[in-house]
Amino acid sequence: KLSKRLQAVADLTQPWRRIADIGSDHAHLPLYLREQNKIDFAVCGEVIPGPYEIAAAHVKNSAYSADLVVRLADGLQAIQQDDQVECAVIAGMGGMLITQILERGHQELSWLKGLVLQPNQNVDVVRKWLAEHNWQITAENLVFDEGHYYQMMAAQPSKTPTTYTDLQLLMGPAMLQMPAVPADFTHYWQFKLTQKQAILQQLQNASEPPADKISQMAKEVDLIKEGLNATN
Ligand code: SAM
């Protein structure tokens, strides 16, 4: 059984049957998806020898060693054209690292029909990268798991670059379009609103209030309010 976070990531890999899990750690996600018959084939990529060896051992000891390939490789270089991988998953890393991996995988990206990304931080940076590189966000989710909130997204190639508004970059274009957002989404943004309002108050009460920081924080507070209003 997967964690709530990885389960939500797994759900976003549908309908793709040939995937690559980049930064696979112990290969939990591909093993689960294959066991559930949700995929036919997966590449499990790991750049660090320790996790790579554990992933390789897990796959070898499973019933699916014919369908799962474990490779020691940096980022999207784990994928070969012959693999006919449709979708790459990059989960559980910072948004900066995810965009660096995407940035260095131009050729491999051209073979893909889908991306599933779960940045632990800097989610807006990842959304912006996708928009600027002709990837359109098609589905998103936000879940609370073991004391943390996680945002994740699926994207597909588009013919033209997209421009997202500040609100879309912050909360996610697909989240904002949901007929009903999940309760975890509302809880997360209410929590962020309270946090940022407290910071704003502190800044305003300072002996020398920093004008640029105040206007930045006030802008963020307004955006979150706007997003909460739009989804309630
Ligand atoms: N994807 C799994 C998940 O979401 O539970 C594992 C996340 S784990 C925190 C991040 C993994 O990414 C680590 O095992 C790390 O070695 C791997 N990693 C980091 N940079 C990488 C890169 N450039 N290429 C491949 N794997 C990488």
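Residues numbered from 1 in each chain as written. Predicted model: local features only at pLDDT ≥ 70, side-chain atom pairs only at ≥ 80, totals over all residues.

A. Looking closely at the domain arrangement of the chain. According to the domain assignment, the chain contains domain 1 (4-163) and domain 2 (183-230). For domain 1 versus domain 2, the separation of C-alpha centres amounts to 32 Å. Contact with domain 1, which involves 4 residues of that partner, is made by 4 residues of domain 2. (Domains from an automatic or database assignment. Contact = placed C-beta atoms within 7 Å.)

B. Main features of the pairing of strand β7 (residues 148-157). Examined bridge by bridge, strand β5 (residues 114-119) and β7 share 3 bridges and lie antiparallel to one another. Bridge assignment links Val116 to a residue of β7, and that residue is Ala154. Here strand β6 (residues 135-145) runs beside β7; their pairing, made up of 10 bridges, is antiparallel. Following the sheet pairing, Val143 is matched in β7 by Tyr150. Hairpin connection, β6 to β7: the antiparallel pair is bridged by 2 residues, and Glu146 has positive phi, about 50 degrees. (Pairing = 2+ DSSP bridges. Helix = DSSP H or I, 4+ residues; strand = E, 2+ residues; numbered from the N terminus.)

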